[in-house]
Amino acid sequence: MYLGKVIGNVVCTMKNPVLDGKKILVVQPLDPQGRPAGKPVIALDSVGAGAGETVYWCRGREASFAWYPTEVPTETTIVAIVDRVHVPGGKA
Amino acid sequence: MLIGRVIGEVWATQKQPSHEGRKVLYVQPLALDGSDRGQPILALDAVDAGVSERVLVVTEGFSAMTAVDRPNSPIDMAVIGIIDTVELVKDA
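For the structure given in this document, a descriptive report is provided here. (Residues numbered from 1 in each chain as written. Chains lettered and ligands numbered in written order. Predicted model: local features only at pLDDT ≥ 70, side-chain atom pairs only at ≥ 80, totals over all residues. Heavy atoms only, no water.)

With respect to the overall build of chain A
Just so we agree on the cut-off: Elements are defined by DSSP. Helices are runs of H or I of four residues or more, strands are runs of E of two residues or more, and each kind is numbered from the N terminus. The globule rule used for comparison is 2.2 Å times the number of residues to the exponent 0.38, while the radius of gyration itself is calculated over C-alpha atoms. Burial here depends on accessible area, computed with a 1.4 Å probe over protein chains only, as a share of the maximum for the residue type. Under 20% is buried, over 50% is exposed, and the range in between is partly exposed. Accessible surface area values rest on a Shrake-Rupley calculation with a 1.4 Å probe, where residue burial reflects the displayed protein chains alone. When charges are tallied, Lys and Arg are placed among the positive residues and Asp and Glu among the negative ones, while His and the ends of the chain are skipped. Charge positions are represented by NZ for Lys, CZ for Arg, CG for Asp and CD for Glu.
Of regular secondary structure, chain A possesses 0 helices and 6 strands. From first element to last, N terminus to C terminus, chain A shows the α and β order β-β-β-β-β-β. For 92 residues, the compact-globule estimate of 2.2 N^0.38 gives 12 Å, and chain A sits close to it at 14 Å. The principal-axis extent of the C-alpha atoms belonging to chain A is close to 45 × 25 × 20 Å. Considering chain A as a whole, with its 92 residues, one finds that 46% of them fall into the buried category. In the structure as shown, chain A presents an accessible area of about 4600 Å², 56% of it carried by carbon and sulfur atoms. Across chain A, the 10 positively charged side chains and the 8 negatively charged ones have centroids separated by 6 Å.

As structure tokens, then:
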């Protein structure tokens, strides 16, 4: 899984019907110090994440298993809202 | 699979049920010379690894799910071993 912060969302009225009712969020990957690191990704939300929240997401075929057994066309799904990132020694 | 070092842990109460009851380890992948290799990742812990330990991480969903025996779940990485030594044979 990958750590990131929700920085926005994507609205599509015309879309695959299975995506109805599911939020499509823009997520910025973070490094251990919480700084942006790498390119933003577009992820389907499965836990009620909102803008500004730190989350982690799952990639690949497994990302659709958040709605198993429904087949959902996603390869990037937010699966947790992070309360705390504990990195002893700061790893600066 | 990849070799990594556990640099921390991530806590999340709001998450997919299949992630319950498992530590979420923050792992920095390592090159063979021990230097950092790419961005850190998050993996569910299947062997009770702790911070600063060198670990073996499987980065494919089906294997990760099997390692934490949570089939059909949105899990794409798991720590499946704690590494004691890595032995490289010279001019092999």
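Back to the write-up after that little detour.
Some words on a nonpolar patch on the surface
All names here are of chain B. Note the cut-off: Patch membership requires more than 30% relative accessible area and the absence of a salt bridge. Residues of like charge join within 9 Å; the nonpolar side chains Val, Leu, Ile, Met, Phe, Trp and Tyr join within 5 Å. When a carboxyl oxygen of Asp or Glu is within 4 Å of a side-chain nitrogen of Lys or Arg, the pair counts as a salt bridge.
A cluster of nonpolar residues, Leu32, Val86 and Leu88, forms a patch on the protein surface that exposes about 290 Å² of accessible area. Within the secondary structure layout, Leu32 lies in the loop between β3 (24-29) and β4 (41-45). Overall, the relative accessible area of 61% leaves Leu32 in the exposed class.

What to know about the packing of aromatic side chains
All names here are of chain A. This is how the line gets drawn: Two rings from Phe, Tyr or Trp (for Trp, the six-membered ring) form a pair when their centres are within 6.5 Å of each other. A pair whose planes differ by under 30 degrees is stacked, one over 60 is edge-to-face, and the rest are tilted.
A complete count under the given rule lists 2 aromatic pairs over all chains for this structure. Between Phe65 and Tyr68, the ring centres sit 5.7 Å apart and the planes meet at 80°, which makes this aromatic pair edge-to-face. The class for Phe65 is buried, based on a relative accessible area of 13%.

Some points on the pattern of salt bridges
Residue and element names in this part refer to chain B. Counting across every chain of the model gives 5 salt bridges over all chains. In this structure, Asp48 and Lys23 form a salt bridge, with 3.2 Å as the shortest nitrogen-oxygen distance. Of this pair, Asp48 sits in the loop between β4 and β5 (54-58) while Lys23 sits in the loop between β2 (14-15) and β3; the two residues are 25 residues apart in sequence, bridging distant segments of the chain. With relative accessibility at 58%, the residue Asp48 sits in the exposed group. If you follow the salt bridges from partner to partner, you end up with Lys23, Asp45 and Asp48 in one network.

Side note on unusual backbone geometry
Pro69 of chain A follows Tyr68 of chain A through a cis peptide bond whose omega is 0°. Relative to the helices and strands, Pro69 of chain A resides in the loop between β4 (54-59) and β5 (76-81). For Ser52 of chain B, which is not glycine, the phi torsion reads 80° and is therefore positive. Note that Ser52 of chain B resides in the loop between β4 and β5. By relative accessible area, Ser52 of chain B is classed as partly exposed at 46%.

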